[in-house]
Amino acid sequence: MAGTSDPLSPRAKLAVTAGKTAAAVSRAAGRGSGSVIGGRVALKLDPELLARLAQGLDVTLVSATNGKTTTTRLIAEALRAAGPVVSNALGANMPAGITSALADRDDEARFGVIEVDEKYLITVARETDPKCVALLNLSRDQLDRAAETRMLAEHWREGLTGTKAVVVANADDPLVVWAASSSPNVIWVAAGQMWKDDAWSCPSCGGVLQRPGDDWFCGECGFRRPTPSWALSGDQVLDPHGSAWPIHLQLPGRANRANAASSAAVAAVFGVPPHVALERMSHVQAVAGRYDTVQFQGRDLRLLLAKNPAGWLETFSLIDPPPTPVILSVNARSADGTDTSWLWDVDYSRLNGHPIFVLGDRKLDLAVRLEVANQNFQVCQNLDEAVRLAPPGRIEVIANYTAFQDLRRRVGN
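Here we summarise the structure given alongside this text. (Residues numbered from 1 in each chain as written. Predicted model: local features only at pLDDT ≥ 70, side-chain atom pairs only at ≥ 80, totals over all residues. Heavy atoms only, no water.)

Topic: helix H9 (residues 254-269)
With 16 residues, H9 extends 23 Å from end C-alpha to end C-alpha; this agrees with the ideal 22 Å at 1.5 Å per step. Phi turns positive, to about 85 degrees, at Gly 271, one or two residues after H9. (Helix = DSSP H or I, 4+ residues; strand = E, 2+ residues; numbered from the N terminus. Expected span 1.5 Å × (residues − 1).)

If you want it as structure tokens, here you go:
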């Protein structure tokens, strides 16, 4: 491949071809994009293929519980100011999906911007030798599949010890700070943290964290919030020189402004100045269908993805005020995590005054939780019924991962 010092071996080329063929067959059969099965086939034929494909790229890895797909898209847009980019833009973020994305790279690609599942970050980092690693947040998610958050933070910390990569990390998340602190070159970003329920105890010693204002510290061992060099301040990003750069995103909400702040810090690592990076980010309208407003049965539906308590908390802050109708859809398939106990960690008081309609494979689990929360809701069999019953006005639709994909297919998005 152009730009690599070690061209692909015949075995690697065969693996790439076989993977693309498997992906094409999967798409033709209507079984999705084929990126995962294509990557699995390719890696079966050449287990070192991911490392080979990453050669010659300046790689950035993006990992977090929430916001990694959007942040990956924002960073990719920013870095295109400096050269061609390859990215797993559709969110297939485990080694197989990442391998498929890199196998489709343009020969002229200079940058690789890769979203990585939290569990696989260290594995992918070993394979791709990243120049930069962006760590956004850690909170409970898919506890049946992934480790408890403190264990994930420790895994990141051990894997990043002594890394050559520049680590761009959220100074407001104690778990992220603990994970990143083993790295010799960290850029701290004050990106904020709305959900704090996974970080009240010190990840260093287990003591109780104190949280005065925006600060946090452990009174027992001295572990504390580092001084950030980048910060989100309202609708602006503050750079290390104290200059303020306006954010003009089309994507809604504080969380996306935080994603933009972290993305600007990453772009600066590669020489893209903040005003250029943020201007390019402003052109992003939606990310893999998220935040899209679609027409369905004569109604406007805004599609919002949220898959865990922290994500639902942020998403509830985005929706239009009451009496805007809200559709909630929850599945518990393998891609979602089969444990729905997280529904009990969500603060549903933020939905007071909204008529709520409940869908999905686990609609009854959600209905029980909403009943306990004294919410006004109706259980529906499908999206068509929910839209028919909803009062006038735009409908906010919030769904977890596979439920979101089901809804997108139904509305033709």
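What to know about a nonpolar patch on the surface
A surface patch of nonpolar side chains, about 290 Å² in accessible area, is lined by Trp 344, Val 368 and Val 372. Relative to the assigned elements, Val 368 resides in helix H12 (residues 363-372). The exposure class of Val 368 is partly exposed, given its relative accessible area of 47%. (Patch = residues over 30% accessible without salt bridge, like charges linked within 9 Å, V, L, I, M, F, W, Y side chains within 5 Å. Areas by Shrake-Rupley, 256 points an atom, 1.4 Å probe, with all protein chains shown as cover. Salt bridge = Lys/Arg side-chain N within 4 Å of Asp/Glu carboxyl O. Buried < 20%, exposed > 50% of the residue type's maximum accessible area, 1.4 Å probe, protein only.)

Some points on the sheet that holds strand S14 (residues 326-329)
The mixed open sheet is built from 6 strands, whose spatial order is S12-S13-S17-S14-S15-S16. Of all the strands in the sheet, just strand S12 (293-296) and strand S16 (377-379) have a single pairing partner and so form its edges. Averaged over all adjacent pairs, the angle separating strand axes in this sheet is 25 degrees, with direction ignored. Judged from the 4 bridges that link them, S14 and strand S17 (residues 395-399) form a sheet pairing that is parallel. Within S17, the residue paired with Leu 328 across the bridge is Ile 398. Packed onto the sheet, H12 meets S14, strand S15 (356-359) and S16 and runs at close to 160 degrees relative to S16. Contacting S12, strand S13 (299-305), S14, S15 and S17, helix H14 (residues 401-411) crosses the sheet at an angle of about 155 degrees to S13. (Pairing = 2+ DSSP bridges. Axes fitted to C-alpha atoms, helices over the stretch in contact; angles between N-to-C directions. Contact = heavy atoms within 4.5 Å.)

Examining the nonpolar core
Within the largest apolar cluster, 60 residues are counted, with the highest numbers of intra-cluster contacts made by Leu 79, Met 281, Trp 312, Leu 328, Tyr 348, Leu 366 and Ile 398. Of all the elements, H9 adds the most residues to this core, at 7 residues. For Leu 328, the contacting residues outside a window of four places in its chain are Trp 312, Phe 316, Leu 351, Ile 356, Phe 357, Val 358, Leu 359, Leu 366, Leu 370 and Ile 398. Grouped together as the second largest cluster of nonpolar side chains are 48 residues, Leu 43, Val 124, Leu 152 and Val 177 included. (Core = buried A, V, L, I, M, F, W, Y, C linked by side-chain atoms within 4.5 Å.)

A few points about the pattern of salt bridges
Opposite charge on two side chains permits pairing when their charged atoms draw close. What the rule picks out here adds up to 24 salt bridges. Lys 131 is the salt-bridge partner of Asp 58, the closest N and O atoms lying 3.6 Å from each other. Of this pair, Asp 58 sits in strand S1 (residues 58-63) while Lys 131 sits in the loop between helix H6 (121-128) and strand S4 (132-135), and the two are 73 residues apart along the sequence. Given the relative accessible area of 38%, Lys 131 is considered partly exposed. Notably, a salt bridge pairs Glu 314 with Arg 254, separated by 2.7 Å at the nearest N-O pair. Pair noted here: Glu 314 is in helix H11 (residues 309-316) and Arg 254 is in helix H9, with a separation of 60 residues, a long-range link. Since its relative accessible area comes to 16%, Glu 314 is described here as buried. A relative accessible area of 26% means that Arg 254 is categorised as partly exposed.

Observations regarding the pairing of strand S3 (residues 111-115)
Judged by how many residues are buried, S3 sits mostly within the fold: 5 of 5 residues are covered. Because side chains alternate across S3, one face comprises the buried residues Phe 111, Val 113 and Glu 115, and the other comprises Gly 112 and Ile 114, equally buried. Two strands pair when backbone bridges link them, and S1 and S3 are joined in this way by 5 bridges, in the parallel orientation. Paired with Val 59 across the strands is Gly 112, a residue of S3. Once you follow strand S2 (residues 85-87) into helix H5 (residues 95-103) and on to S3, the crossover reads as right-handed. (Right-handed = clockwise from strand over helix to strand, strands pointing away.)

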